[in-house]
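# Results of the structural survey
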Amino acid sequence: MPVDLRKKKIIVTGGATGIGRSVALRVSANGAKVAVFDINSLEGASTVNKINNSGGNARYWHVDVSDEIGVSGGVEAANNWLEGIDILIHMAGILEGAGIEVDNLSENIWDSVLDVNLRGTYLICKYVSSIMKKSSHGIIILAASPAGVTGTSSSLAYGASKGGVHGFTMVLQNDLSKYGIRVNDIAPGSVKTPLKVENVKLMHKKNYKNFSLEKEIDELISPDDVAKIIAFMASEDAKELKGTVFTN
Ligand SMILES: NC(=O)c1ccc[n+]([C@@H]2O[C@H](COP(=O)([O-])OP(=O)(O)OC[C@H]3O[C@@H](n4cnc5c(N)ncnc54)[C@H](O)[C@@H]3O)[C@@H](O)[C@H]2O)c1
């Protein structure tokens, strides 16, 4: 039985590729009207075309989540088009600096990863929550990662940013619950997306692994299986869900 998201108005960031794209397709198939934010306009347009060609209702905005003016304008435009925001599913993120130890890690890599993954999370929540507070309801789902809590990340900056997202989620949940806004994050295991496949290839090369790269890629989980969990998290059936959802 599909999760019921009929009449829900949803912003999906990072909806051009990977998990965000699968989420946009799935929530639309479950009845939602979807605003897609990304910086990859070609693939972003492809996501919304696919939705609109199959009877859904989606629109794309070029929004860099680390840019406050862009986020503020994008959220305002999406709010006008959607006529309200019920749900934010924030999947935009980057992974850089894999395999580099701290003494060789450049400030540029550190700053760009923290800017997109952590500052971007703060900025999108800042502008979306202000709208949700006025309507006294909302659901926010953020992209964390086991990389932020288990020490298994190949990138220090990525691990730090995702640990930050966990902490941010917990405090935000406390702050916003009194306005009827529920906040969760999801920490997916290794998912077959452009981000992860590139990372697996890079680490395979760096570690001179002698087992099959193809097998490692084949074992990654499907983004649609993660999207199904996120769609459930976005539904009323998950109203008692608190904190982080880990998948493996
Ligand atoms: N793939 C995994 O195994 C995995 C595991 C744990 C967590 N995650 C997290 O899930 C989220 C989605 O990752 P994915 O694997 O689908 O990666 P992906 O690279 O396929 O998708 C990320 C999307 O974010 C967009 N993006 C990047 N920078 C942006 C910016 N500044 N503003 C707006 N959009 C931007 C990209 O264009 C892309 O469409 C990320 O936050 C990632 O850290 C992924």
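Heads up: these notes are all about the structure in this document.

Before going further, it helps to examine the overall build of the protein chain. Along the backbone of the protein chain there are eight helices and seven strands. For 248 residues, the compact-globule estimate of 2.2 N^0.38 gives 18 Å, and the C-alpha radius of gyration of the protein chain, at 17 Å, lies within 12% of that figure. Burial analysis of the protein chain (248 residues in total) assigns 49% to the buried set. Summarising the internal contacts of the protein chain: among those between residues at least 6 apart in sequence, 72% fall at separations of at least 24. Counting every atom, the protein chain has about 11,900 Å² of accessible surface; 52% of that belongs to carbon and sulfur. Across the protein chain, the centroid of the 26 positively charged side chains sits 7 Å from that of the 27 negatively charged ones.

The next point concerns the environment of Ser46. Checked against the element boundaries, Ser46 lands in helix 2 (residues 41-53). Counting along the chain gives 30 residues from Ser46 to Ala16, while the straight-line C-alpha distance between them is 7.5 Å. A distance of 3.2 Å separates a polar atom in the side chain of Ser46 from a polar atom in the side chain of Arg21.

Time to look at the sheet that holds strand 7 (residues 243-246). Remark on secondary structure: sheet strands pair via backbone hydrogen bonds, oriented parallel or antiparallel. In spatial order, the strands read 3-2-1-4-5-6-7; together these seven strands make up an open sheet with parallel pairing. Here the strands that pair on one side only, and so sit at the sheet edges, are strand 3 (57-62) and strand 7. Going from strand to strand, the sheet's axes swing by 20 degrees on average, the running direction of each strand aside. Direction of pairing for strand 6 (residues 181-187) relative to strand 7: parallel, over a ladder of four bridges. Along strand 7, the bridge assignment pairs Asp185 with Thr244. Across the sheet, helix 1 (residues 18-29) lies against strand 1 (9-13), strand 2 (33-38) and strand 4 (87-90), angled at about 165 degrees from strand 1, the strand it touches most. Those strands touched by helix 5 (residues 156-176) are strand 5 (138-143), strand 6 and strand 7, and its axis lies near 160 degrees from that of strand 6.

We now examine the nonpolar core. Counting 30 residues, the largest nonpolar core has Leu5, Val27, Ile89, Ile141 and Ile230 as the members making the most contacts within it. At the level of secondary structure, the elements contributing two or more residues to this core comprise strand 1, helix 1, strand 2, helix 2, strand 3, strand 4, strand 5 and helix 8 (223-233). Take this core: its biggest share by element is five residues, from helix 8. Other than its neighbours up to four places away in sequence, Leu5 contacts Ile10, Val27, Asn30, Gly31, Ala32, Ile87, Ala231, Ala234 and Ser235. Core analysis: the next-biggest nonpolar cluster, separate from the first, contains 26 residues, Ala35, Val71, Trp81 and Ala144 among them.

Below, the discussion takes up the pattern of salt bridges. Applying the stated rule across the entire model yields seven salt bridges. The shortest N-O distance in the salt bridge between Arg6 and Asp4 comes to 2.9 Å. In this structure Asp4 comes out as partly exposed when scored by relative accessible area, which is 44%. Among the ionic pairs, Arg26 bridges to Asp224, the shortest N-O distance being 3.0 Å. Linking Arg26 in helix 1 with Asp224 in helix 8, this pair joins segments that are 198 residues apart in sequence.

Reading the values: rules and limits
Residues numbered from 1 in each chain as written. Predicted model: local features only at pLDDT ≥ 70, side-chain atom pairs only at ≥ 80, totals over all residues. Heavy atoms only, no water. Helix = DSSP H or I, 4+ residues; strand = E, 2+ residues; numbered from the N terminus. Rg over C-alpha atoms; globule rule 2.2 N^0.38 Å. Buried < 20%, exposed > 50% of the residue type's maximum accessible area, 1.4 Å probe, protein only. Contact = heavy atoms within 4.5 Å. Areas by Shrake-Rupley, 256 points an atom, 1.4 Å probe, with all protein chains shown as cover. Lys, Arg positive; Asp, Glu negative; His and termini not counted. Charge placed at Lys NZ, Arg CZ, Asp CG, Glu CD. Polar contact = N/O pair within 3.5 Å; in protein donor to acceptor, adjacent residues only side chain to side chain. Pairing = 2+ DSSP bridges. Axes fitted to C-alpha atoms, helices over the stretch in contact; angles between N-to-C directions. Core = buried A, V, L, I, M, F, W, Y, C linked by side-chain atoms within 4.5 Å. Salt bridge = Lys/Arg side-chain N within 4 Å of Asp/Glu carboxyl O.

The values reported here are purely geometric and, on their own, carry no functional implication.
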